[in-house]
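# A closer look at the structure
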Amino acid sequence: MEGFEFEIPDIEIPDIEIPDIEIGEMEMAEIEIPDVEFETEDRARRTNRNANRRVPQQGKGYRLVKVNDYILCSVCTVTFCNFMFLGLFTMESHKQVVERLRVAFRSGVTLPIHFRLAQLEAMLSMLEDNEAQIIEALHEDLAKPKFEAVLSEIHMVVNDLCFTINNLNTWMQPSYVGTNLATMLDDCFIRMEPLGVVLIIGAWNYPLQLIILPLIGAIAAGNCAILKPSEISPSTEKLLAELIPKYLSKECYAVVCGGPEETKSLLENRYDHIFYTGSQSVARCILQAAAVHLTPVTLELGGKCPCLLYGHLDMKAAAKRLVWAKFFNVGQSCVAPDYVLCTAETRDLLIPFIKEALESFYGSEPQQTQDLGRIVTDRHWNRLVELLKSSEGKVVIGGQSVKEEKYIAPTVVVDVQESDALMQEEIFGPILPILTIKSLDEGINFINEREKPLALYVFSDECQIVTTVLERTSSGGFCSNDGIVHMTLPGLPFGGVGASGMGSYHGRWGFETFSHRRGCMLRGWVLERVNVLRNPPYTESNLGWLRWATTAKKRGWAGCSVM
């Protein structure tokens, strides 16, 4: 029972007669179950009060085990959140799950395009059939408004699914490359092949989107996948654990629920790729664990995304777009504008329009609106409140907070210095500091002196300013005169650079992230007489002929290929 620990309660459990078990369709069996209480590792207390209960016999997705007179049952063993208690329960260890998926991958079941498309279509059905449940789970976890839940978690995923389904056949085709005189009769191409068994670790702020979007790429590329949703969004975590095995192949895709200990246990196993979305501190642990097995990693992190306002611009429109991007999901977005850079004159013009936009969006009492979510946990709320208290800046909008509701009002802080507490870490909440600069060069230098952000925004009507910022800075993504929306387009890669991450996904980029580009050359025997030129004994004459036959002559570039 490796991978899950529990304490055996100090009780006597009588022998339970297990009915004859046959692999096949799920059946139900009447058995006696003792009335006991126990506590699992995640501290969730569960009690079985029924002496008689109908339980599934071993069949597809179910397992009954008897160990030392204890009846152990795992229900849907690929789903680690839902269990039926017989005496105590067990589950497949993480190592067993990885090995089971690896066996499935090696069988070749995930390779045909019809299997991949069927799984993607099933995922579409999952989202369509369970939209109400998804919206409810997101509201329970983050008080996320239905509008935001549909737009950012469901609609965006559906778009990526449709884009992938429509283009997958094209993406899977081999890409032929140019040849030289010595290889002109050979077939030389790049073949996109799946990596194998991949691990996808999601984040809590968009708990559906950030686990399903990478899964789309993994399935499209033909991989098996283990999903680890964030335990910080427990309702969505539980729902995913119920739905994934219901709609997708249990042999090829598994969901593992739990906290840091489960993640640590998962990372002890070898994968063919690890995809992680979250904080930089945890990313370092992911990299260390991956290094043991030389596993490639995609990291989708974050950082402090700057928003530079400079030159002439429509201040009212800019304020609305800035407010929407910053306070969408209560600022709990890795691509939300983290701080604003502008001149003092622009700041003084901007603040009244921000106030106007906030009142237009959320009313005069934003705490009462249904259109503003809440901070995910008390711990995250405490961190944000402490950041605000530690700031030496001046709060000009908002600042109110209510711990019982995990509520923090949309807040704007001015007179913020670069040494301020608000500038030492990613805010990840509804607090917007505004820093002043005197010139465009100063703003660009301020950005370049810090770690490369996941996204960079510039607001200006002047094309030259936008182009200058684009050419003189580096970031994962870039958007002018708006925020966040660049990541919603499946045709654009989404990912970080430097400290904000490595690798990218969405659309084709997710397919390529989970694929191996295999260089292939198919040769015949026609030019065997020519091959004598490469064989010993070596001569200057043969070397000259080989250089001539293998030199690429396009654009004056010279190189050679090994025959």
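So, here's what we can say about the structure. (Residues numbered from 1 in each chain as written. Predicted model: local features only at pLDDT ≥ 70, side-chain atom pairs only at ≥ 80, totals over all residues. Heavy atoms only, no water.)

This paragraph deals with empty space enclosed by the protein. Taken as a whole and assessed by the stated rule, the structure comprises 4 cavities of 30 Å³ or more. Roughly 40 Å³ of internal volume is contained in the second largest cavity. In this structure, the second largest cavity is lined by G303, C305, K326, G331, S333, C334, A336, D338, E426, F428 and G429. Here the lining of the second largest cavity is built from residues that sort into 4 nonpolar, 4 polar and 3 charged. (1 Å grid on protein atoms, 1.4 Å probe; cavity = no way out; pocket = protein on both sides within 12 Å on 5 of 7 lines; lining within 4 Å. Points joined across faces, edges and corners; volume = space filled by probe spheres on them. Nonpolar A, V, L, I, M, F, W, Y, C, P; charged D, E, K, R; others polar.)

Mapped onto the secondary structure, K144 falls in the loop between α3 (131-142) and α4 (146-172). A polar contact of 3.1 Å, which involves the side chain of K144, links it to the backbone oxygen of N205. (Helix = DSSP H or I, 4+ residues; strand = E, 2+ residues; numbered from the N terminus. Polar contact = N/O pair within 3.5 Å; in protein donor to acceptor, adjacent residues only side chain to side chain.)

Across the sheet, which stays open at both edges, the 6 strands sit in the order β11-β10-β9-β12-β13-β23 with mixed pairing between neighbours. With partners counted over all chains shown, the strands left at the sheet margins are β11 (253-255) and β23 (501-502), one partner each. Pairing of strand β10 (residues 224-228) with β11 involves 3 bridges; the strand directions are parallel. Counterpart to L227 in the pairing with β11 is V255. In the packing of helix α5 (residues 209-220) onto the sheet, contacts are made with β9 (197-201), β10, β11 and β12 (273-277), and the angle to β9 comes to roughly 165°. (Pairing = 2+ DSSP bridges. Contact = heavy atoms within 4.5 Å. Axes fitted to C-alpha atoms, helices over the stretch in contact; angles between N-to-C directions.)

Let's shift gears to a negative patch on the surface. On the surface, E121, E128, D129 and E131 cluster together into a patch of negative charge. Within the fold, E131 resides in helix α3. (Patch = residues over 30% accessible without salt bridge, like charges linked within 9 Å, V, L, I, M, F, W, Y side chains within 5 Å. Areas by Shrake-Rupley, 256 points an atom, 1.4 Å probe, with all protein chains shown as cover. Salt bridge = Lys/Arg side-chain N within 4 Å of Asp/Glu carboxyl O. Lys, Arg positive; Asp, Glu negative; His and termini not counted. Charge placed at Lys NZ, Arg CZ, Asp CG, Glu CD.)

Take the nonpolar core next. By size, the foremost hydrophobic cluster in this structure holds 119 residues, and its most contacted members are I200, I212, L215, I226 and I354. Inspection of this core shows a minimum of three residues originating in each of domain 1 (94-301) and domain 2 (306-489). Every residue in contact with L215, bar those within four places of it in the chain, is listed here: M123, I200, A225, L227, I244, L248 and Y253. In terms of nonpolar packing, the next biggest core, distinct from the first, is built from 29 residues, L308, V413, I437 and F446 among them. (Core = buried A, V, L, I, M, F, W, Y, C linked by side-chain atoms within 4.5 Å. Buried < 20%, exposed > 50% of the residue type's maximum accessible area, 1.4 Å probe, protein only. Domains from an automatic or database assignment.)

Relative to the elements of secondary structure, I226 occurs in strand β10. Classification of I226 by relative accessible area gives buried; the value is 0%. In this structure, the C-alpha to C-alpha distance between I226 and V97, residues 129 residues apart in sequence, is 8.4 Å. If we ignore the near neighbours within four places in the chain, the residues touching I226 are V97, V98, L101, V198, L199, I200, A254, V256, L266 and Y271.

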